[in-house]
Amino acid sequence: TWTADAPTRVATLAGGYADGLPGALQAGGVVGIGGRLVPRLIEARHEVRVIVRDAGRLRDVPWGGEVDVVEGDLQRASDVRRAVDGIEVLYYLV
């Protein structure tokens with residue numbers, strides 16, 4: 001599991017979505033490399049969630065309406081727990 005003490009570890013958690021595809025959380029790099037990863041995950045029919053400090057940053061991205069957005073801080077364990085709930089794969093791009 002992901003802990004605040006080891007933020008560079010990739011977490012795989014039990015859960016997922018009703019369609020059987022793994023849920024994916026993309027953390028960090030939403031505008032850069034993450035901005036290229038998220039559309040590919042959507043195209044592959046994964047349910048995608050992103051965690052960002054300011055959801056307003058997603059206003060102009062074309063895929064912004066196709067993802068579940070969690071506003072939070074990766075340094076706050078409660079925000080991370082909320083973001084990873086039901087997620088099987090975490091892409092940590094910070």
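Treat the numbers as computed from the prediction; the structure is a model and nothing was measured.

Engineer: I tried to follow helix α1 (residues 33-43) on my own but got confused; where do I start?
Structural biologist: Owing to its 3.6 residues per turn, the α-helix aligns residues three or four sequence positions apart on the same side. Three or more residues of α1 are buried, namely Gly 34, Gly 35, Val 38, Leu 41 and Ile 42. The buried residues of α1 occupy one face: seen down the axis, they fall within an arc of 125 degrees. Residues of α1 that are exposed and point over 90 degrees away from its buried face: Ile 33, Arg 36, Arg 40 and Glu 43. The elements touched by buried residues of α1 are β1 (24-27), β2 (48-52) and β4 (89-92).

Engineer: Any chance you could explain the sheet that holds strand β3 (residues 68-71) here in plain terms?
Structural biologist: Hydrogen bonds between backbone groups are what pair the strands of a sheet, and the pairing can be parallel or antiparallel. Spatially, the 4 strands line up as an open sheet ordered β3-β2-β1-β4, and their pairing is parallel. Each edge of the open sheet is held by one strand with a lone partner, namely β3 and β4. When the angles between neighbouring strand axes are averaged without regard to direction, this sheet yields 20 degrees. In the sheet, β1 pairs with β2 via 4 bridges, with the strands oriented parallel. Note on β2: the bridge partner recorded for Ala 27 is Ile 51. Taken strand by strand, helix α2 (residues 77-84) contacts β1, β2 and β3, and its axis lies near 165 degrees from that of β2.

Engineer: Would you explain the pattern of salt bridges in this entry?
Structural biologist: Opposite charge on two side chains lets them pair, provided their charged atoms get close. In the structure shown here, the tally under the stated rule is 3 salt bridges. For Arg 76, the salt bridge is made with Asp 79, and the minimal N-O distance between the two is 2.8 Å. Overall, the relative accessible area of 7% leaves Asp 79 in the buried class.

Reading guide: rules and limits
- Residues numbered from 1 in each chain as written.
- Predicted model: local features only at pLDDT ≥ 70, side-chain atom pairs only at ≥ 80, totals over all residues.
- Heavy atoms only, no water.
- Buried < 20%, exposed > 50% of the residue type's maximum accessible area, 1.4 Å probe, protein only.
- Helix = DSSP H or I, 4+ residues; strand = E, 2+ residues; numbered from the N terminus.
- Arc of directions from axis to C-beta.
- Contact = heavy atoms within 4.5 Å.
- Pairing = 2+ DSSP bridges.
- Axes fitted to C-alpha atoms, helices over the stretch in contact; angles between N-to-C directions.
- Salt bridge = Lys/Arg side-chain N within 4 Å of Asp/Glu carboxyl O.

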